[in-house]
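Structure assessment
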Amino acid sequence: EAGVAQSPRYKIIEKRQSVAFWCNPISGHATLYWYQQILGQGPKLLIQFQNNGVVDDSQLPKDRFSAERLKGVDSTLKIQPAKLEDSAVYLCASGGWGETQYFGPGTRLLVL
Amino acid sequence: RKEVEQDPGPFNVPEGATVAFNCTYSNSASQSFFWYRQDCRKEPKLLMSVYSSGNEDGRFTAQLNRASQYISLLIRDSKLSDSATYLCVVNELSGGSQGNLIFGKGTKLSVKP
């Protein structure tokens, strides 16, 4: 079974620039998550989708972050404009029926 | 938002040692509990779920104490390959079918020869 795919794997940008990350979940998984993991911390949930609807985006900094999952399959997460403190690994995870979440390899973002 | 607390370590142990990690959570309504393992520069992967009755998977034993809001992970006969960060995870169920996973900061384990 193919895992969660993410791209790009690495991204370096300057502050105030924009960046977008892409995630393709495991086939058939209705739930998709975006997490932010800052070095030395555990992953923090940014947004949860159930199919193409948002279930929880309470921790998403909506002034600069946006995410969509228009067709209920793959998803994009955008940061516009980026700040230095956005440097982190952005993890996408998906889940089927039940509670196990499977994570993608992540996108490492460095904001200079 | 409720928190999950872990000792960050690092725990430096020799091969063959037994090591225990502890975790506390603040939301008494939490429904399910997990340990994830994260290798350096890799994504987290589910190690095991934690059940009220306690559960064991080979050298790994997980325990849950709901009254004290405390979770533990015991690793026996540790191997070099056990070196990783162990994340304590609590599921706070919400309206979605999956709930929200709240991660601790992780406990780093380094097993030395």
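Residues numbered from 1 in each chain as written. Chains lettered and ligands numbered in written order. Predicted model: local features only at pLDDT ≥ 70, side-chain atom pairs only at ≥ 80, totals over all residues. Heavy atoms only, no water.

**Concerning the environment of Gln50 of chain A**
All names here are of chain A. Secondary-structure assignment places Gln50 in strand β5 (residues 44–50). For the pair formed by Gln50 and Pro81, sequence separation is 31 residues and the distance between their alpha carbons is 27 Å. Here Thr31 takes part through its side chain, which lies 2.6 Å from a polar atom of the side chain of Gln50. (Helix = DSSP H or I, 4+ residues; strand = E, 2+ residues; numbered from the N terminus. Polar contact = N/O pair within 3.5 Å; in protein donor to acceptor, adjacent residues only side chain to side chain.)

**Side note on the interface of chain B and chain A**
Every contact between the two is made by 23 residues of chain B and, on the other side, 28 residues of chain A. Carbon and sulfur atoms supply 44% of the area buried between chain B and chain A, which totals about 2,000 Å² over both sides. Taken together, the links from chain B to chain A amount to 0 salt bridges. Taken together, the links from chain B to chain A amount to 3 residue pairs in polar contact (both at pLDDT 80 or more). (Contact = heavy atoms within 4.5 Å. Buried area = accessible area lost by both parts, 1.4 Å probe. Salt bridge = Lys/Arg side-chain N within 4 Å of Asp/Glu carboxyl O.)

**Side note on the state of the cysteines**
According to the stated counting rule, one finds 2 disulfides over all chains in the structure shown. Between the sulfur of Cys23 of chain A and that of Cys92 of chain A lies a disulfide, 1.9 Å long from S to S. Looking down the S-S bond of the Cys23 of chain A and Cys92 of chain A bridge, the torsion is -70°, so its handedness is left-handed. Placement of the pair is Cys23 of chain A in strand β3 (residues 19–24) and Cys92 of chain A in strand β9 (residues 88–95), with a sequence separation of 69 residues. Per residue, the accessibility class of Cys23 of chain A equals that of Cys92 of chain A, and both read buried. In this model Cys23 of chain B forms its disulfide with Cys88 of chain B; the gap between the sulfur atoms is 2.0 Å. Given an S-S torsion of about -80°, the disulfide between Cys23 of chain B and Cys88 of chain B has left-handed geometry. Within this pair, whereas Cys23 of chain B is found in strand β3 (residues 19–25), its partner Cys88 of chain B is found in strand β9 (residues 84–92), the two being separated by 65 residues in sequence. (Disulfide = S-S within 2.5 Å. Buried < 20%, exposed > 50% of the residue type's maximum accessible area, 1.4 Å probe, protein only.)

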